[in-house]
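# Breakdown of the fold
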Amino acid sequence: MMGWLTALVVAALAVLAPAGAGADGTIVIEATRLVPPVLRTMSGPRVTFVNHSGRAAHVEFARNGGEHHLVQIPAGGPIWAVFHRPGTHAYVVHLYGKQTQALAGVVEVVEDALHKWEAPACVATVMGVCIEP
């Protein structure tokens, strides 16, 4: 009985694991694309955005009322976000140079069935700043 349950949990975690990223949930910003363009993760862990484009960049996180939250990616390091609520969270990366380029991505968040969180006031926390719905 225990072997069957363990196999079921391992299979569920394999399905829910982030697609196309390491276990840490990293999104790499390249000159022409995001890797991965869709990141699947659970609520709670950090998602790290790393700029490998060679250009100045910021990430724009959308909010429900049409507002947005901009975060400049510093030259010396990445930015991070923690998504607290399940659902599809769209974002856009703007790369600056001779022409501004926009790269659209999505973080798909599922609730961690083993570690359920109370619904916080924040949809996500970006670099310690609460993004409210």
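In this text, all values refer to a predicted model and were calculated from it rather than measured experimentally.

### Quick look at the overall build of the protein chain
When its secondary structure is counted, the protein chain shows 1 helix and 11 strands. Each helix and strand of the protein chain, ordered N terminal to C terminal, gives the series α-β-β-β-β-β-β-β-β-β-β-β. Taken over 133 residues, the protein chain has a buried fraction of 32%. When the accessible surface of the protein chain is totalled, it reaches about 7700 Å², and 61% of it is carbon and sulfur.

### Quick notes on the state of the cysteines
As enumerated under the stated definition, the model contains 1 disulfide in all. Two residues, Cys122 and Cys130, share a disulfide whose sulfurs are 1.9 Å apart. When the S-S torsion is -125°, as for the bridge of Cys122 with Cys130, the disulfide is left-handed. On the basis of relative accessible area, Cys122 is assigned to the buried category, the value being 14%. When its relative accessible area of 33% is taken as the criterion, Cys130 is described as partly exposed.

### Things to note about the confidence of the model for the protein chain
Confidence along the protein chain averages 79 in pLDDT terms, with 73% of residues attaining 70 or more. Here residues 1-23 scores under 50 on pLDDT; set against residues more than four positions off or in separate chains, the count is 16 contacts.

### Observations regarding the pattern of salt bridges
Scanning the entire structure with this criterion turns up 2 salt bridges. The closest approach of N and O atoms between Arg33 and Glu30, which form a salt bridge, is 2.7 Å. The class for Arg33 is partly exposed, based on a relative accessible area of 47%. Measuring nitrogen to oxygen at the nearest pair gives 3.1 Å for the salt bridge that ties Glu108 to Arg40. Pair noted here: Glu108 is in strand E9 (residues 101-110) and Arg40 is in strand E3 (residues 38-42), with a separation of 68 residues, a long-range link. Look at Arg40 and you get partly exposed, because its relative accessible area is 38%.

### Quick notes on the sheet that holds strand E8 (residues 87-96)
A sheet is described by the order of its strands in space; here 5 strands give the open sequence E3-E9-E8-E5-E6, paired in mixed fashion. At either end of the open sheet lies a strand with only one pairing partner, and these are E3 and strand E6 (68-72). Strand-to-strand twist across the sheet, computed as the mean angle between neighbouring axes with direction ignored, equals 25°. Of the strand pairs in this sheet, E3 and E9 are connected by 5 bridges, and their pairing is parallel. Each bridged residue has a counterpart across the sheet, and for Met42 the counterpart in E9 is Val110.

### A look at the sheet that holds strand E7 (residues 79-83)
The strand order across the open sheet formed by 6 strands is E2-E1-E4-E7-E10-E11, and the pairing between neighbours is mixed. The open sheet has two edge strands, strand E2 (34-35) and strand E11 (129-131), and neither has a second partner.

### Details of the nonpolar core
Ranked by size, the top nonpolar core spans 23 residues in total, and within it Ile29, Phe49, Val59, Phe61, Phe83, Tyr91 and Val93 carry the most contacts. Of all elements in the fold, only strand E1 (26-29), strand E4 (46-51), strand E5 (56-62), E7, E8, E9 and strand E10 (124-126) reach the threshold of two or more residues within this core.

The rules behind the values
- Residues numbered from 1 in each chain as written.
- Predicted model: local features only at pLDDT ≥ 70, side-chain atom pairs only at ≥ 80, totals over all residues.
- Heavy atoms only, no water.
- Helix = DSSP H or I, 4+ residues; strand = E, 2+ residues; numbered from the N terminus.
- Buried < 20%, exposed > 50% of the residue type's maximum accessible area, 1.4 Å probe, protein only.
- Areas by Shrake-Rupley, 256 points an atom, 1.4 Å probe, with all protein chains shown as cover.
- Disulfide = S-S within 2.5 Å.
- pLDDT = per-residue confidence, 0-100.
- Contact = heavy atoms within 4.5 Å.
- Salt bridge = Lys/Arg side-chain N within 4 Å of Asp/Glu carboxyl O.
- Pairing = 2+ DSSP bridges.
- Axes fitted to C-alpha atoms, helices over the stretch in contact; angles between N-to-C directions.
- Core = buried A, V, L, I, M, F, W, Y, C linked by side-chain atoms within 4.5 Å.

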